[in-house]
Amino acid sequence: MTKRPRYFNLEPIMNPKSIAVIGASDNPDKIGHVILANNVASGFRGAIYPININASGTIMGYTAYKSILDVKEKVDLAVVAVPAEVVPKVVEECGRAGVRGIIVVSGGFSEVGRKDLQDKVTRSGMKYNIPIIGPNCLGVTDSYSKIDTLFLPAAKIDKPVVGGVSFASQSGAVGSSVLDMIDNEGFGLARFISYGNAAVVDEVDILNYLADDEKTKVIVFYIEGVQRGKEFIEAAKRAALKKPIVVSKGGMTDEGAKAAHSHTAALAGSHQAYEAVFKQFGFIMADDIQELLNLSKIFETQPLPKGRRIAILTNGGGTGVLATDALYEHGLQIAEMSKKTVESLRKVMPPIVNVRLPLDMAGDAEKTRFEAALAAFEADPKIDAIIAIALFQTPGADENVAAKLVEYGTKMRKPMVVVSPGGSYTKRQRQIIEKGGVPVYESPGEAAKALAALASYAEYRDSHVKKSR
Amino acid sequence: MALVEYFEAERLLKKYKIRSVESRYVKSAEEAEKFSAGGRIVLKAVSGKALHKSKSGLVVAGISGGEIGKAYSALERRAAKYRPYRILAQKMVHGGIEIIIGGSEDVQFGKMILLGLGGIYVEAFKDFALRVCPINMEEALSMIRQLRSRKIIAPDRASEKMVAELILKAARMYQGGRMKELDLNPIIIHDGTYDAVDIRMIK
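Throughout this description, residue numbers start from 1 for each chain and increase along the sequence as written. Each chain gets a letter, beginning with A, and each ligand a number, beginning with 1, in the order they are written. For this predicted model, a pLDDT threshold of at least 70 governs which residues receive local features, and a threshold of 80 or more governs which side-chain atom pairs are given and counted, while totals over whole chains, interfaces and linings are taken from all residues. Each side-chain value is derived from all of the structure's non-hydrogen atoms; neither hydrogens nor water enter the calculation.

J.: Help me understand the overall build of chain B in this model?
T.: Secondary structure elements are taken from DSSP: a helix is a run of H or I of four residues or more, a strand is a run of E of two residues or more, and numbering for both begins at the N terminus. Helix and strand counts for chain B come out as seven helices and ten strands. In terms of overall size, chain B behaves like a compact globule, its C-alpha atoms giving a radius of gyration of 17 Å where 203 residues would be expected to give roughly 17 Å. For chain B, the spread of C-alpha atoms along the principal axes amounts to about 50 × 35 × 30 Å. Within chain B, the proportion of its 203 residues that are buried is 56%. Residue pairs in contact within chain B that sit at least 24 positions apart in sequence constitute 58% of those at least 6 positions apart. Charged residues are defined narrowly, with Lys and Arg counted positive, Asp and Glu counted negative, and His plus the chain ends left uncounted. A charged residue contributes its charge at one atom only: NZ of Lys, CZ of Arg, CG of Asp or CD of Glu. Between the centroid of the 35 positive side chains of chain B and the centroid of its 24 negative side chains there is a distance of 3 Å. As defined in this context, the radius of gyration uses C-alpha atoms, and a globule is described by 2.2 Å times the residue total to the power 0.38. In this scheme, a residue with accessible area under 20% of its type's maximum is buried, one over 50% is exposed, and one in between is partly exposed, where area comes from a 1.4 Å probe on protein chains only. In what follows, a contact means two residues having at least one pair of non-hydrogen atoms within 4.5 Å.

Below is the structure:
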């Protein structure tokens, strides 16, 4: 077996000019049919070649072929959806045909004990030097090239809008549920990669590809394990200096109940090692899927803060107090307003408003007060970031307030998040704000945690970028 | 899997300029008493068959003068089942904060260095920081600052610097030395300095 390159380039998979769907069918129950249909529906503009061993004539209106070897034109990407037993042969043929990238969606490999079949796939990948994603995965979807190999019924999944978050997941199930939730969280997707058993392409290749990908502003990873630890660290070091990487690690319980001979080995289990590596190389860790989404949206839309001094504005005192507590719990602090800010706020706010942080603008605060506070905070060099609490249950808060929050949350050069707990009216306002590009959280705790992650990443980048200069 | 002999391990510590408490193997209670020179000492039975000395009852701490004879024979009785063993006498370090610095090898990421609140608190609080080797000064400092017990371990700038430098030396030794696991537990921080009191190196 030839040795694998350090990194496989995923370009032929993410941005193919032509695709072959092996296992394509006119029968809507077949996965090969769904994949073909989804690519047509998603607006993929390149050439499409349906391949089926029993093919004659056309499939879904496209000229069909019995084998990839029968296609005369160059094929960039082959999507393989045939039974596991035949996959090694099909992959080998793809190699001979000069295909530049392969996705094997079929299951039935090492996850069910058929490592022999998977090894054959790996060998073909190495022999022909082709990036192969899978087997046992959903494959990829790409907001730019419009390639979509996910065999999920379009009606059952919310399609994310185009954006800057790229999401890679070992698990197809976690992958598809996150994908479904993205749109509701108000951020956009660049690339999605479900890589399953990682027979050839692994997390190192993906991390490296996404680090250099211009469309990707934030990398989000769901990882269960890493296969090449040292290379992963190298790729991670480089990637984390270029863009934020939010990671959630599955399999927190430790198999490391192994007989340890020292205290150190007993403490430093495999889960702890992962956590240490993530922390050391600037990854942002998420405990669960909701947190993964909470962090993704702030990193996609907000600039990095210069420090940890936070200004809170609110139209409800209690929530302001809770938010202040949450700041300190997550290692942030309440800012101290400059004189200029205090003076300008005194002029605008009614006498009942005590001008100090957290700034409680009272229950009748409407867009004028919100705007005055936001403008003053924006200009104040002693404020690094803003938490705007908008309780839409109050008489003054309405869509005009939401619009102001969007305006400032998108134009300022310091980060802002919104906290808005509430029911159906609030939910509508929340959506307006999020679609406008400002992250909204239901609780002060979530908001503070997200801001703290942003601040930590800013610090990591500052200290490491300076050093490497 | 073999325990590196105490003084071989101590020599390695010296090479990396890591301080350790004054120790000597003793063959009798008299020898131990002579070593104590009137101060308090600790006696430890060292055996490849008992990796956890204190758990196996093989440590007697804080004895001096006339107590040494009795403690010595009691220790010999308890150590009998771990033969062959040797008895190590160490000068007692008074007071101070106990920390652990250790090393262990991860299948994926290789050698890792650990800092934690030490001694009996290691397992109770599990307050520790872990990094992949090699590390630099900044990372050593971040390990201290990550701990809940940071104010206990390093209450001021000077002690923070001392502990960080110690972590760096230990990390270099662990990476450079041919060992699989390392426990310096405890290292006692006292009087503006520190002493490694127990050394466990596993090849």
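J.: What is the right way to read the nonpolar core from this model?
T.: Within soluble globular proteins, side chains that are nonpolar tend to cluster in buried spots. Only buried residues count toward a nonpolar core, which is a set of Ala, Val, Leu, Ile, Met, Phe, Trp, Tyr and Cys residues joined through side-chain atoms within 4.5 Å. Counting residues in hydrophobic clusters, the biggest one holds 91 residues, and the most contacted among them are Leu-207 and Phe-232 of chain A. Core analysis: the next-biggest nonpolar cluster, separate from the first, contains 83 residues, Phe-167, Ala-376, Val-440 and Ala-455 of chain A among them.

J.: Quick question: what am I supposed to make of the domain arrangement of chain A here?
T.: By convention, interface size is frequently given as the accessible area that disappears when the constituent parts associate. Residues and elements named next belong to chain A. The domain limits used here are those given by an automatic or database domain assignment. According to the domain assignment, chain A contains domain 1 (1–136), domain 2 (152–301) and domain 3 (304–462). A C-alpha centroid distance of 25 Å is found between domain 1 and domain 2. Contacts between domain 1 and domain 2 engage 26 residues on the former and 22 residues on the latter. Here the quantity called buried area is the accessible surface, traced with a 1.4 Å probe, that two parts lose on coming together, added over both. For domain 1, the biggest contributors to the area lost against domain 2 are Tyr-7, Leu-10 and Met-14; these three give 32% of the whole. In the sections that follow, a salt bridge refers to a side-chain nitrogen of Lys or Arg positioned within 4 Å of a carboxyl oxygen of Asp or Glu. Summed over the shared surface of domain 1 and domain 2, the number is two salt bridges. Residue Asp-205 pairs with Arg-4 through a salt bridge whose shortest N-O separation is 2.6 Å. What qualifies as a polar contact is a pair of N or O atoms within 3.5 Å, subject to a donor-acceptor requirement within protein and to the restriction that residues adjacent in sequence count only when both atoms come from side chains. Inspection of the region where domain 1 meets domain 2 yields 14 residue pairs in polar contact (both at pLDDT 80 or more). Counting residues per element, the ones that place at least two in the side of domain 1 that touches domain 2 are helix H1 (11–14), helix H2 (31–42), helix H4 (115–128) and strand S7 (132–133).

J.: Hey, could you run me through the domain arrangement of chain B in this one?
T.: All names here are of chain B. Looking at chain B, the domain boundaries give domain 1 (22–91) and domain 2 (97–202). Centre-to-centre, using C-alpha coordinates, domain 1 lies 26 Å away from domain 2. The interface is formed by six residues belonging to domain 1 together with four residues belonging to domain 2. Here domain 1 meets domain 2 over a buried area of about 440 Å², counting both sides, of which 30% is carbon and sulfur. Taken together, the connections running from domain 1 to domain 2 amount to one salt bridge. Asp-198 is the salt-bridge partner of Lys-44, the closest N and O atoms lying 3.8 Å from each other. Viewed at the interface, domain 2 and domain 1 are joined by two residue pairs in polar contact (both at pLDDT 80 or more). Residues are sorted three ways: Asp, Glu, Lys and Arg are charged, Ala, Val, Leu, Ile, Met, Phe, Trp, Tyr, Cys and Pro are nonpolar, and all the rest, Gly among them, are polar. When grouped by side-chain class, the residues that make up the side of domain 1 that touches domain 2 number one nonpolar, two polar and three charged.

J.: Could you clarify how one ought to interpret empty space enclosed by the protein in this entry?
T.: To find the voids left in a structure, one rolls a probe of water-molecule size over its atoms. Residues and elements named next belong to chain B. Only protein atoms enter the 1 Å grid used here. Points where a 1.4 Å probe fits but cannot escape make up a cavity, open sets with protein on both sides within 12 Å along at least five of seven lines make up a pocket, and a residue lines them when an atom lies within 4 Å of a point. Grid points are joined across faces, edges and corners, and a volume is the space filled by probe spheres set on the points. Per the stated rule, a full pass over the model turns up one cavity of 30 Å³ or more. Taken as a whole, the largest cavity encloses approximately 140 Å³ of empty space. Taken together, 14 residues line the largest cavity, and the ones lying closest to its centre are Leu-3, Val-46, Lys-53, Asp-198 and Ile-199. Considering only residue class, the lining of the largest cavity consists of eight nonpolar, one polar and five charged. Residues lining the lining of the largest cavity come from more than one domain, with at least three contributed by each of domain 1 (22–91) and domain 2 (97–202).

J.: Would you take a moment to explain the sheet that holds strand S9 (residues 162–169) of chain A for this structure?
T.: Residues and elements named next belong to chain A. At least two DSSP bridges between two strands are needed for those strands to be called paired. As summarised here, the arrangement of the six strands in space is S8-S10-S9-S11-S12-S13, forming an open sheet in which the pairing is mixed. For this open sheet the edge positions go to strand S8 (139–142) and strand S13 (284–285), each flanked by a neighbour on one side alone. In the sheet, S9 pairs with strand S11 (residues 218–223) via five bridges, with the strands oriented parallel. Along S11, the bridge assignment pairs Ala-168 with Phe-221. For helices, the fitted line uses only the C-alpha atoms of the stretch in contact; every axis is such a line through C-alpha atoms, and the angle between N-to-C directions lies from 0 to 180 degrees. The strands that helix H6 (residues 203–212) touches are S9, strand S10 (189–194), S11 and strand S12 (245–249); relative to S11, the one it contacts most, it runs at about 170°.

J.: Help me understand the pairing of strand S6 (residues 110–117) of chain B in this model?
T.: Look at any regular strand and the pattern is simple: side chains alternate between the two faces of the sheet. Residues and elements named next belong to chain B. A large share of S6 lies buried, amounting to eight of its eight residues. Two successive antiparallel strands, strand S5 (residues 97–106) and S6, enclose a turn made up of three residues. One ladder, built from five bridges, connects S6 with strand S7 (residues 128–132); its direction is antiparallel. The residue of S7 that forms the bridge with Met-112 is Val-132.

J.: Where do I start with the interface of chain A and chain B in this structure?
T.: Across the boundary between the two partners, chain A contributes 25 residues, which contact 32 residues of chain B. Overall, the association of chain A and chain B removes approximately 2,400 Å² of surface from exposure, summing both partners, and the carbon and sulfur fraction of that is 62%. Between chain A and chain B we count zero salt bridges in total. Connecting chain A to chain B are three residue pairs in polar contact (both at pLDDT 80 or more). Looking at the side of chain A that touches chain B, the elements that each hand over two or more residues are helix H7 (229–242), helix H8 (263–267), helix H9 (270–280) and helix H16 (444–468) of chain A. The residue makeup of the side of chain A that touches chain B, split by class, is eleven nonpolar, ten polar and four charged.

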